[in-house]
Amino acid sequence: MRNQECLSSDLVFAGRDVGMEEKMDIYPYFKSVVDADRCPVVICNLAHEIIYMNPAAEARYIRSGGGKLVGKSLLDCHGEGSCQMIRKVVEWFEQDVGHNLIYTFRNEQENKDVYMAALRAEDGTLIGYYEKHEYRDVETMSLYDFR
């Protein structure tokens, strides 16, 4: 039930339902969340074009062009075997609205797991995908370090 509530076109702000006329533009908030993420985020449309890279992704892929990769095909950045798997994953995403996350790679050197995640419109239609990195290192930052 909770997932269905999240897909609802109605928004809830401060514990109350908000109608269409009151909906605010939440794009800057989502962009800020993704931009602040320390992990690379590369978003692609269904034509496999890179439509967005957060600053961490631009830095990680600087040798390949960094932010200049936006507008280019993600498939041009991978070997044929990887391209086949990317296409296969997108086909799997398209088969069912419940197919939204798949584990694609383990990088022992960086102690991270990599996933592909589906991006869907409010009605569940697949609109794209992104690469999700999750580092498994214990945080070294001190709790609430306001220095």
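Refer to the preceding data block for the structure.
All of these numbers come straight from a predicted model, not from anything done at the bench.

A count of helical and extended segments in the chain gives four helices and seven strands. Put simply, the chain runs from its N terminus to its C terminus through helices and strands in the order α-β-β-α-β-β-α-α-β-β-β. Burial analysis of the chain (147 residues in total) assigns 26% to the buried set. Residue pairs in contact within the chain that sit at least 24 positions apart in sequence constitute 35% of those at least 6 positions apart. Accessible area for the chain stands at about 10700 Å²; split by element, carbon and sulfur atoms hold 55% of it.

What follows is about the pairing of strand β4 (residues 50–53). Sheet topology places strand β3 (residues 41–45) next to β4; three bridges connect them, and they run antiparallel. Bridging across to β4, valine 42 finds its partner in methionine 53. The turn linking β3 back onto β4 is made up of four residues, and histidine 48 within it adopts a positive phi angle of 70°.

With that settled, the discussion passes to the nonpolar core. Core analysis: the biggest nonpolar cluster contains 17 residues, and Val42, Ile50, Leu74, Phe93, Met116 and Tyr129 have the highest contact counts within it. Looking at this core, the elements with two or more residues in it are β3, β4, α4 (80–95), β6 (112–120) and β7 (126–135).

Attention shifts here to the pattern of salt bridges. Charged atoms that come close allow side chains of opposite charge to pair. Enumeration over the complete set of coordinates arrives at eleven salt bridges. Between aspartate 35 and lysine 31 there is a salt bridge; the shortest N-O distance is 2.6 Å. Highlighted residues: aspartate 35 and lysine 31, both in helix α2 (residues 27–36), separated by four residues, approximately one helical turn. The exposure class assigned to lysine 31 is partly exposed, which follows from its relative accessible area of 31%. A salt bridge links arginine 87 to glutamate 80, with the shortest nitrogen-to-oxygen separation between them at 3.8 Å. Linked through salt bridges whose partners overlap, the residues forming this network are Arg106, Glu108, Asp113, Lys132, Glu134 and Arg136.

Next up on the list: the packing of aromatic side chains. What the rule picks out here adds up to three aromatic pairs. Centre to centre, the rings of tryptophan 92 and phenylalanine 93 are 5.8 Å apart; their planes meet at 45°, and the pair counts as tilted. Judged by its relative accessible area of 27%, tryptophan 92 is partly exposed. Taken together, a centroid distance of 5.4 Å and an interplanar angle of 50° make the contact between tyrosine 103 and tyrosine 115 tilted. Residue tyrosine 103 is found in strand β5 (residues 101–107), and its partner tyrosine 115 is found in strand β6; the two are separated by twelve residues along the sequence. The class for tyrosine 103 is partly exposed, based on a relative accessible area of 46%.

Now for the sheet that holds β7. With respect to topology, five strands assemble into an open sheet ordered β4-β3-β7-β6-β5, the strand pairing being antiparallel. Edge positions in the open sheet fall to β4 and β5, since each of these has one partner strand only. Strand-to-strand, the axes of this sheet are offset by a mean angle of 20°, without reference to chain direction. Direction of pairing for β5 relative to β6: antiparallel, over a ladder of six bridges. Looking at β6, one finds that asparagine 107 is bridged to lysine 112.

Conventions we followed
- Residues numbered from 1 in each chain as written.
- Predicted model: local features only at pLDDT ≥ 70, side-chain atom pairs only at ≥ 80, totals over all residues.
- Heavy atoms only, no water.
- Helix = DSSP H or I, 4+ residues; strand = E, 2+ residues; numbered from the N terminus.
- Buried < 20%, exposed > 50% of the residue type's maximum accessible area, 1.4 Å probe, protein only.
- Contact = heavy atoms within 4.5 Å.
- Areas by Shrake-Rupley, 256 points an atom, 1.4 Å probe, with all protein chains shown as cover.
- Pairing = 2+ DSSP bridges.
- Core = buried A, V, L, I, M, F, W, Y, C linked by side-chain atoms within 4.5 Å.
- Salt bridge = Lys/Arg side-chain N within 4 Å of Asp/Glu carboxyl O.
- Phe/Tyr/Trp six-rings, centres within 6.5 Å; stacked < 30°, edge-to-face > 60°.
- Axes fitted to C-alpha atoms, helices over the stretch in contact; angles between N-to-C directions.

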